[in-house]
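# Close look at the chain arrangement
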Protein chains: 2
Amino acid sequence: MGFQRTFKALSDPIRREILQLLRISPLTAGEIATHFSVSNATISHHLSILKDAGLVLDEKQGKYITYELNMTVVDEILGWFYTLKGGDFNEKNN
Amino acid sequence: MGFQRTFKALSDPIRREILQLLRISPLTAGEIATHFSVSNATISHHLSILKDAGLVLDEKQGKYITYELNMTVVDEILGWFYTLKGGDFNEKNN
DNA sequence: ATAATATTTAGATATTTATCTAAATAAGGG
DNA sequence: CCCTTATTTAGATAAATATCTAAATATTAT
């Protein structure tokens with residue numbers, strides 16, 4: 001609980017696009033990087049922010065690191081929006 | 001469409017709390033400000049960001065300015081999260 | 001072992017952001 | 001008319017952020 005890092009993570013367009021990419025299937029850091037015109041180091045930085053926010057999970061597979069969406073946290077954020085819509089799904093969160 | 005400003009607006013905890021306050025009922029800028037320990041000028045700044053993002057609507061009433069939630073944009077953002085969940089509600093947005 | 005590949009970490013920099021105080025704008029009340 | 005109240009705008013500043021290049025780490029292949 002405490003959505004600060006998650007909302008911050010979602011505030012960058014590259015990070016949101018990464019999430020949409022991962023919607024289809026898990027990808028390695030390198031595969032993700034090919035979709036953008038910034039350096040690999042920058043993508044790595046974005047991935048670490050997404051990971052920190054709980055929005056993605058990573059798994060080391062030999063030389064590669066594969067990233068995938070973490071739906072659990074996506075659902076928690078959805079819950080926050082529903083409180084806004086008048087439901088009192090989980091009144092405690094920020 | 002283009003959610004950049006909306007997601008940016010949601011990335012600040014004070015602004016999210018303002019939205020939750022407005023969930024109950026519309027409030028004036030001053031009433032909103034009493035809930036926080038920052039200056040009125042700062043709250044005014046946050047309100048202008050929320051307005052710019054489409055998340056709130058304002059209406060001048062004499063000496064006061066009343067702010068209220070704009071559910072339309074809240075719903076648009078919800079749509080973005082649903083695309084993540086595998087639906088293809090509105091594939092075009094970022 | 002050495003080289004090549006995949007990814008992250010470190011350090012630097014320019015931009016953005018949240019905040020403050022002080023000044024400006026606007027509306028009402030005596 | 002002035003004075004008070006409500007709110008925003010302007011200008012300044014400190015902190016956060018996105019990005020880069022270069023270096024470090026780790027794994028696989030020759």
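Definitions and limits used
- Think of each chain on its own: its residues are numbered from 1, step by step along the sequence as written.
- Each chain gets a letter, beginning with A, and each ligand a number, beginning with 1, in the order they are written.
- Local features in this predicted model are restricted to residues of pLDDT 70 or higher, and side-chain atom pairs are both shown and tallied only at a pLDDT of 80 or more, whereas totals for entire chains, interfaces and linings draw on every residue.
- Processing note: side-chain calculations cover all non-hydrogen atoms of the structure and skip hydrogens and water entirely.
- What counts as a helix is a DSSP run of H or I of at least four residues, what counts as a strand is a run of E of at least two, and both are numbered from the N terminus.
- A 1.4 Å probe rolled over the protein chains alone gives each residue an accessible area, and that area as a share of the maximum for its type sets the label: buried under 20%, exposed over 50%, partly exposed in between.
- Any two residues whose heavy atoms approach within 4.5 Å at even a single point are treated as in contact.
- Two strands pair if DSSP finds at least two bridges between them.
- Only the stretch in contact is used when fitting a helix axis, every axis being a line fitted to C-alpha atoms; angles between N-to-C directions are given from 0 to 180 degrees.
- We call a residue near a molecule or strand whenever a single non-hydrogen atom of that residue lies within 4 Å of it.
- Definition of a polar contact: a pair of N or O atoms within 3.5 Å, with one able to donate and the other able to accept a hydrogen when the atoms are protein atoms, and with sequence-neighbouring residues admitted only if both atoms are side-chain atoms.
- Under the grouping applied here, Gly and all other residues not named as nonpolar or charged are polar, the nonpolar ones being Ala, Val, Leu, Ile, Met, Phe, Trp, Tyr, Cys and Pro and the charged ones Asp, Glu, Lys and Arg.
- None of His or the chain ends enter the tally, which takes Lys and Arg as positive and Asp and Glu as negative.
- A carboxyl oxygen of Asp or Glu within 4 Å of a side-chain nitrogen of Lys or Arg is what we treat as a salt bridge.
- Orientation labels follow simple angle bins: below 35 degrees gives roughly parallel, above 145 gives roughly antiparallel, 65 to 115 gives roughly perpendicular, and whatever is left gives oblique.

### Side note on the side chain of A:N70
Residue and element names in this part refer to chain A. Residue position: N70 is located in the loop between β3 (64-69) and α5 (71-84). The exposure class assigned to N70 is buried, which follows from its relative accessible area of 13%. Contact partners of N70, with chain neighbours within four places excluded, come to G54, L55, V56 and L57.

### Some thoughts on the environment of B:L84
Tracing the backbone shows B:L84 in helix α5 (residues 71-84). Beyond its immediate chain neighbours, meaning those up to four positions away, B:L84 contacts A:L19, A:Q20, A:R23, A:L69, A:M71 and A:V74.

### Some points on the sheet that holds β3(A)
All names here are of chain A. Strand order in the open sheet formed by 3 strands is β1-β3-β2, with antiparallel pairing between adjacent strands. Every interior strand has two partners, whereas the edge strands, β1 (27-28) and β2 (56-61), have only one. Pairing geometry for β1 and β3, over 2 bridges, is antiparallel. From the neighbouring strand, T28 faces β3, where its bridge partner is T66. Relative to β3, helix α2 (residues 13-24) is tilted by about 90 degrees, and along the sheet it contacts β1, β2 and β3.

### Overview of the protein's contact with DNA strand C
Every one of the 24 residues lining DNA strand C counts as a neighbour, but A:G30, A:Y67, B:K8, B:T42 and B:H46 are closest to it. Close to the protein, within 4 Å, the atoms of DNA strand C are drawn from sugar and phosphate at a rate of 80%. In this structure, a sugar or linking oxygen belonging to DNA strand C sits 3.4 Å away from a side-chain N or O atom of A:K63. B:T42 has a polar side-chain atom sitting 2.7 Å from a phosphate oxygen of DNA strand C. Those elements that place two or more of their residues in the surface near DNA strand C are α3 (29-34), α4 (40-52) and β3 of chain A together with α2 (13-24) and α4 (40-52) of chain B. Ranked by the residues each element gives to the surface near DNA strand C, the list is headed by α4(B), at 5 residues. Tallied by class, the residues present in the surface near DNA strand C amount to 9 nonpolar, 9 polar and 6 charged.

### Quick look at the side chain of A:D12
All names here are of chain A. Within the secondary structure layout, D12 lies in the loop between α1 (4-10) and α2. Here D12 sits buried without a salt bridge, and the closest side chain of opposite charge, R15, lies 4.6 Å off (N-O distance). A polar contact of 2.9 Å, which involves the side chain of D12, links it to the backbone nitrogen of I14.

### Observations regarding the pairing of β3(A)
Residues and elements named next belong to chain A. Here 6 bridges tie β2 to β3, and the two strands are oriented antiparallel to one another. If you follow E59 over to β3, its bridge partner there is T66. Where β2 hands over to β3, the hairpin turn is made up of 2 residues, of which G62 adopts a positive phi near 60 degrees.

### A short note on the protein's contact with DNA strand D
Taken together, 24 residues are adjacent to DNA strand D, and A:K8, A:T42, A:H46, B:G30 and B:Y67 come closest. At the protein interface, 79% of the atoms of DNA strand D within 4 Å belong to sugar or phosphate. Measuring from a phosphate oxygen of DNA strand D, one finds a side-chain N or O atom of A:H46 at 2.4 Å. In this structure, B:S44 approaches DNA strand D through a side-chain N or O atom, which is 2.8 Å from a phosphate oxygen. Those elements giving two or more residues to the surface near DNA strand D turn out to be α2 and α4 of chain A together with α3 (29-34), α4 and β3 (64-69) of chain B. The element best represented in the surface near DNA strand D is α4(A), accounting for 5 residues.

### Focus on the packing of α2(A) against α5(B)
Describing two packed helices takes the angle between their axes plus the distance from one axis to the other. Interaxial distance between α2(A) and α5(B) falls to 9 Å at its minimum, and their mutual angle equals 40 degrees. Relative to α5(B), the element α2(A) is oriented oblique. Counting all contacts with α2(A), which are made through A:R16, A:L19, A:Q20 and A:R23, the residues of α5(B) involved are B:W80, B:T83 and B:L84. Of the residues in the contact of α2(A) with α5(B), the class split is 3 nonpolar, 2 polar and 2 charged.

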